[in-house]
Amino acid sequence: MNYRQFARKQIVSIRKTVGAAAVVSALSGGVDSAVTTVLGARALGRRLKVLFIDDGLMRQDEPQTVRKTFARLGIKVTVVQAAPRFFAALAGLTDPEEKRKAFRDTFYKVFSEAVRRSGAEFLLQGTIAADIVETRKGVKTQHNVLDQIGISAKRGYGFTTIEPLRDLYKPGVRKVGRALGLPAAMYERMPFPGPGLSCRVLGEVTPERVAIVRRACFIVEQETARFRKFQAFAVLLADRATGVTRGGRRAFGHIVAVRCVDSKDAITASPTRLPWRVFMKLQQRITREVPGVVKVVYDLTPKPPSTIEYI
Ligand code: XMP
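Here goes a summary of the coordinates provided. (Residues numbered from 1 in each chain as written. Predicted model: local features only at pLDDT ≥ 70, side-chain atom pairs only at ≥ 80, totals over all residues. Heavy atoms only, no water.)

For the rest of this paragraph, the subject is the state of the cysteines. One pass over the full model with this rule turns up zero disulfides. As a non-bridged cysteine, C260 has C217 as the owner of its nearest cysteine sulfur, 12 Å distant. The class for C260 is buried, based on a relative accessible area of 0%. (Disulfide = S-S within 2.5 Å. Buried < 20%, exposed > 50% of the residue type's maximum accessible area, 1.4 Å probe, protein only.)

I53, F111 and I286 are the most contacted members of the largest nonpolar core, which has 61 residues in total. Tallying contributions element by element places helix α5 (residues 96–118) first for this core, with eight residues. What I286 contacts, discounting residues up to four positions off in sequence, is A216, I219, V220, V256, V258, V293 and V296. A43, L48, I162 and V173 belong to the second largest nonpolar core, which has 39 residues in total. (Core = buried A, V, L, I, M, F, W, Y, C linked by side-chain atoms within 4.5 Å. Helix = DSSP H or I, 4+ residues; strand = E, 2+ residues; numbered from the N terminus. Contact = heavy atoms within 4.5 Å.)

What follows concerns the pairing of strand β1 (residues 23–26). In the case of a regular strand, side chains alternate between the two sheet surfaces. Of the two faces of β1, the one carrying V23 and S25 and the one carrying V24 and A26 are both buried. Inspection of the sheet shows β1 paired to strand β2 (residues 48–54) by four bridges, in the parallel sense. Bridging across to β2, A26 finds its partner in L51. Traced from β1 through helix α2 (residues 31–44) to β2, the parallel crossover comes out right-handed. As paired elements, β1 and strand β4 (residues 122–124) share three bridges and run parallel to each other. (Pairing = 2+ DSSP bridges. Right-handed = clockwise from strand over helix to strand, strands pointing away.)

Moving on, we get to unusual backbone geometry. Both trends apply: most residues other than glycine have a negative phi, and most peptide bonds are in trans. The residue after K303, namely P304, is reached through a cis peptide bond having omega -15°. With respect to the helices, strands and loops of the structure, P304 is situated in the segment after β9 (293–298). A positive phi is found at D61, a non-glycine position, where the angle reads about 60°. If you trace the backbone, D61 turns up in the loop between β2 and α3 (62–72). Residue D61 is classed as partly exposed on the basis of its relative accessible area, which comes to 45%. Unusually for a residue other than glycine, A266 sits at a positive phi of about 70°. The residue A266 is located in the loop between β7 (250–262) and β8 (270–271) in this model.

Here the focus is the packing of helix α1 (residues 3–18) against α2. Running from N to C, α1 and α2 cross one another at 65°; their axes reach a closest spacing of 9 Å. Crossing of α1 over α2 shows right-handed handedness. For the pair α1 and α2, contact is made by A7, Q10, I11, I14, R15 and V18 and by L39, G40, R42, A43 and L44, respectively. Counted by class, the contact of α1 with α2 contains seven nonpolar, two polar and two charged residues. (Axes fitted to C-alpha atoms, helices over the stretch in contact; angles between N-to-C directions. Left-handed = near helix turned anticlockwise from the far one by under 90°. Nonpolar A, V, L, I, M, F, W, Y, C, P; charged D, E, K, R; others polar.)

Following this line, the structure appears as structure tokens:
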């Protein structure tokens, strides 16, 4: 496929679809929504309003980084502060699918309010083919796939969604990013799930538990930065384990799993063969820098039978 041509076609198609109507883009900072937002901005210029929902479940420093990166591209990003609403919706939930649905419902409530305030009729979304395939198969409820499972965004939320990347898989999306002239740091970014760090906290999602996994993910990203891999992150397990403090006292603390996988399209994946010294550095930094963690494990499972994320 010629990705420059694909981008041009999508830009023309967005313009044609929306006519004179107002349009918003849902930017999360990930590759998919970043590429979608830039397609929208190239199609509509300043008529495109870009919203970034701060759900409190983002990677370290994400809202500030996204705002700065897009400002450099001449795209203004409006940050909607909504973390307390997401934590309230997730409080007490431990079932993975209930958590995903709570996230999705809150996302669309917060988002549709923001869209209504902006008067937009259309919503640009970064849904890609893998999201649709996995939701249809019933593997996971992707937060951004509504129409595919019979929920009408128009009836339920009052706007029509436009998904220019819906037929592409990740490698294709990255190529569109490159064809659009985006910085490599943006289109080469690791995938990050829509429900954010709530996918990486097993059991209840609280601000404290998210802070633990955010710090651990940051360390994993730093320590694996020089290795070629598809994705690397940390997960906070719901169980606890016994450890000892430096003073020799018993501690009953958190268990963090490190996941690092090689994959082409996220449909299958295998664990990355990291050097032993990297594992040692990871366990050392995570137990020292993340309070309360007494155990760090490396996940050896391919997909299938596992999935990449934990829920
Ligand atoms: P799994 O865990 O299903 O993930 O093997 C496949 C790829 O998709 C990402 N992922 C998600 N992306 N919303 C998203 O936008 C989600 O709910 C979601 N769940 C998983 C994941 O990070 C991996 O790259």
